[in-house]
Structures are given as structure tokens and as C-alpha cells.
Amino acid sequence: MPQGETFYRAASQVLFISQIYGLLPVSNIRSPDVRNIKFRWLSPRAIYSGIILILNFCEFAAVIRYITVVGINFHTSSSLALYVVCLLEHVFFWRLAINWRSIMKQWCQVEQLFLSIPYRFYDEYNMKRRINIVVGLIMSSALVEHCLLLGNSFNLSNLERTQCKINSSYLEIIYKWERPHLYHVLPYNIWMMPFVEFINETIAYPRSFTDCFLMIIGIGLAARFHQLHRRIAAVHKKVMPAIFWTEVRQHYLALKRLVRLLDGAIAPLVLLAFGNNMSFICFQLFNSFKNIGVDAIVMIAFWYSLIFAVIRTTLTIFVTASINDYELKIITALRDVPSKAWTTEVQRFSEQLGNDMTALSGNGFFYLTRQLVLAMGTTIITYELMISDVINQATIRQRTVYC
């Protein structure tokens, strides 16, 4: 990593792109100096983000109106939950934007310790490249998912138009199929379709980007814990003076305070993202009973969406859990300190490492460690076994007749 490159600079490009969809509306996010970051309620970015949020709330109101007319069931409730989650993600990114300048200033202050000698010799983690790879992989996969779901809607709406012999344009039927809650509120107009699709993108984008954002934070923190571990590993089984362990311990405590700061800031996003991912996976598993033996487009879109959700959730856990992984490696390295070099400072450092968990959390309900993968896997398997025992597969099939 070049000298002076901080997390703020490594992640600025990705966060700038997210502002297109109304997230994290702070000004000067690409500025080389973190002190130039500002949040102003009347800035162009804040106004633009506010307009998008208002439009999303208007569509959410249309969804509520539609559900009160057709009634609530398992499928309409899932659509309602999706809108609630995406709106809350927009709100939480607004909340984060207000404090983003303060957070980045404190993060940069801690990072200055790790951008100087001797930590500069252990900078092979390459934070920026990891961030770009993760975000590029996840968001390109999310784009493929979105295109497949649109193709699925085109196919199903065309079946309805053909079978029912509806005397309407192809695009109007798609609009009615994709946005039934808007169809009777906002009559179809071909010039309006790009605008409606963009609003749809601003609602759908946070679902995948929130996972990416958590991974970006995880990579940024893990990079510094990696450097700390490499410095300790470099003196493996060597007798080091007490001042060395005093300095290392102080740097660890600085990182610990940074983790707590970030945990307090993004904990609602963690809770919301994993709650949404788990509910979506369970919902898709329920739908798997009616998507057996149907046409290829539905099969591909359905299974891709499910597999992508599982992989994205698992990857988020493993990336963010790397913070805790490096702490465990530091604990292991301390066990190899020679007895003649075991000082009071080493003892204090060891006790601080062992008495508290260093990891991001979902408001304290769970911690992002590798054990969470096993817990979520167990929950999903239990759910699948339960619904497979209760539901009669023969009575749940995809709808193929529309008239």
C-alpha cells in the first residue's frame, strides 16, 4: 500500500458510486483530505438523496394501499418486508452520513500509526485491491440477478398477455406485472418507464450494497489487525524489551477503540442486513416447493437468486470475521513468547486479548465471527426440514394458467 493511503482513500471511489443511488450523502467524499468531508442538509447531494428517499416512501405508500385492497398473505408480506428493509437502509445510511466526517477523522488518526515504520514493512494486505474485487464481484452478480428477474417478469407477463388475449402493449403489461401497486395510481406512460425503473434500482441497490459496505469496513479494519499480527509474528520466540510490548499493546487498544466506534455506528445496518438475508433465504426455500419442474427462465432466475443470497451472506461473514481471526492469531503468537521475556506488559496484553471479543456485531445480538456461519446454516437446515415435513409439494406449483 502506498505511503499515506488510508481506508478513506481506498474506499472513496466505491462510496462515491453509491451516492448515485442516494446513499451516504456527504460532500467531497473523493477529496484527498478527510477534513474536507462535510455533511450539509442543503447540499446538492443531500437534496438529491432526500428526493430519492421521498420517492421511495411514496412507492411504499402505494404498496401499503395495494396490500389493503388485495389482502395480506405470505407473498405480499415478503414484498412489504423488502420495501421496509430498503427504506430503513436508506435511513441508516443517512444517519451514518451525519457522523461520517467524525468517524473518518478518528479512523485516519488511528491509521497514522500503521502508515509509518515499522508497520509499513507489513502492508502486503492491499486493502484497496480487496475492496475493489469484493465490490466488483458482488455488485456485478447483483446486476446479473436483477437482469434475470426482469427477464422472468418479461416472460410471465408475455404469457399472461398471450393467454388472456389482452389488447395492451407489451410494455404496459410488464408495468402492470412488475408494479401492480403503481398501475392504478400512476397510469402507464412509455416516457415514464425509465424513471420508474431508476426508482426501482434505488430501492433494490441497498440490499446488495449494504453487504458490500459491511465487507468494506471489515477489510479496512482487518488490514490494520493484519499489520499488528505481522509485527508480533516477526519477533516470534524472540526476547523483546518491555517497551516493545507496551507500544504494541497501545496500538492494539487504539484499534479496539476504533472497532467499538464502527460497531456502534453500523450495528443497525448489520442487524438489518443479516435479518433481511436470512428472511429472504427462508422465503426462497419456501418458494422452492413450487418451482420444481417449471420452465427454464423461472428455474434459472430462482436458483441464481437463492444461491447468490447464500454466497453473498457467507462471504460477508467470512470477510468481516477476519477482524476476529487476526485477533485469535495474535493470541496464538503471544503463547509463544519465551518465559524469560514474559513481562507484566505481555501479561496485561494477553489478559486484554482474552477477556473481550473484538468483532463487529448486530447490536450485540450476534457477533460476526466464523461461528455465525454454522449457526445460520443450522437455522436454514432446520427451517428446510420443517417446511418439507409440513408442506405437501403436490399442492404447491407455479402458476401457469393466467385466465
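Look a little higher up for the structure.
Structure report, in brief. From a predicted model like this one, the values you see are computed outputs, not experimental measurements. (Residues numbered from 1 in each chain as written. Predicted model: local features only at pLDDT ≥ 70, side-chain atom pairs only at ≥ 80, totals over all residues. Heavy atoms only, no water.)

### Topic: the nonpolar core
- If you look at the biggest cluster of nonpolar residues, it comprises 106 residues, and the most contacted ones within it are Leu96, Trp100, Ile131, Phe209, Phe213 and Ile217.
- Setting aside anything within four residues of it in sequence, one finds Leu96 in contact with Leu24, Ile103, Phe213, Ala265, Ile266 and Leu269.
- Counting residues in hydrophobic clusters, the runner-up holds six residues, among them Ala62, Leu182, Met193 and Val196. (Core = buried A, V, L, I, M, F, W, Y, C linked by side-chain atoms within 4.5 Å. Buried < 20%, exposed > 50% of the residue type's maximum accessible area, 1.4 Å probe, protein only. Contact = heavy atoms within 4.5 Å.)

### Topic: a nonpolar patch on the surface
- Nonpolar side chains collect at one region of the surface, where Trp41, Leu42, Ile47, Ile51 and Ile98 lie side by side and expose about 570 Å² of accessible area between them.
- Among the secondary structure elements, Trp41 is positioned in the loop between α1 (7-18) and α2 (44-70).
- For Trp41, a relative accessible area of 56% corresponds to the exposed category. (Patch = residues over 30% accessible without salt bridge, like charges linked within 9 Å, V, L, I, M, F, W, Y side chains within 5 Å. Areas by Shrake-Rupley, 256 points an atom, 1.4 Å probe, with all protein chains shown as cover. Salt bridge = Lys/Arg side-chain N within 4 Å of Asp/Glu carboxyl O. Helix = DSSP H or I, 4+ residues; strand = E, 2+ residues; numbered from the N terminus.)

### Points about helix α10 (residues 344-355)
- The end-to-end C-alpha distance of α10, which contains twelve residues, comes to 16 Å, matching closely the 16 Å that a straight helix rising 1.5 Å per residue would cover.
- What α10 keeps buried is the set Glu345, Val346, Phe349 and Leu353. One side of α10 carries all its buried residues, which in axial view fall inside an arc of 100°. Pointing more than 90 degrees away from the buried face of α10 are the exposed residues Thr344, Gly354 and Asn355.
- At its buried positions, α10 is contacted by α7 (193-233), α8 (242-287) and α9 (296-334). (Expected span 1.5 Å × (residues − 1). Arc of directions from axis to C-beta.)

### Overview of the packing of α7 against α9
- Contact geometry of α7 with α9 gives a least axis separation of 9 Å together with a crossing angle of 20°. If you check the angle between α7 and α9, you find them roughly parallel. Here α7 and α9 pass one another in a crossing that is left-handed.
- Residues of the contact of α7 with α9, tallied by class, amount to 15 nonpolar, seven polar and four charged. (Axes fitted to C-alpha atoms, helices over the stretch in contact; angles between N-to-C directions. Parallel < 35°, antiparallel > 145°, perpendicular 65-115°, else oblique. Left-handed = near helix turned anticlockwise from the far one by under 90°. Nonpolar A, V, L, I, M, F, W, Y, C, P; charged D, E, K, R; others polar.)

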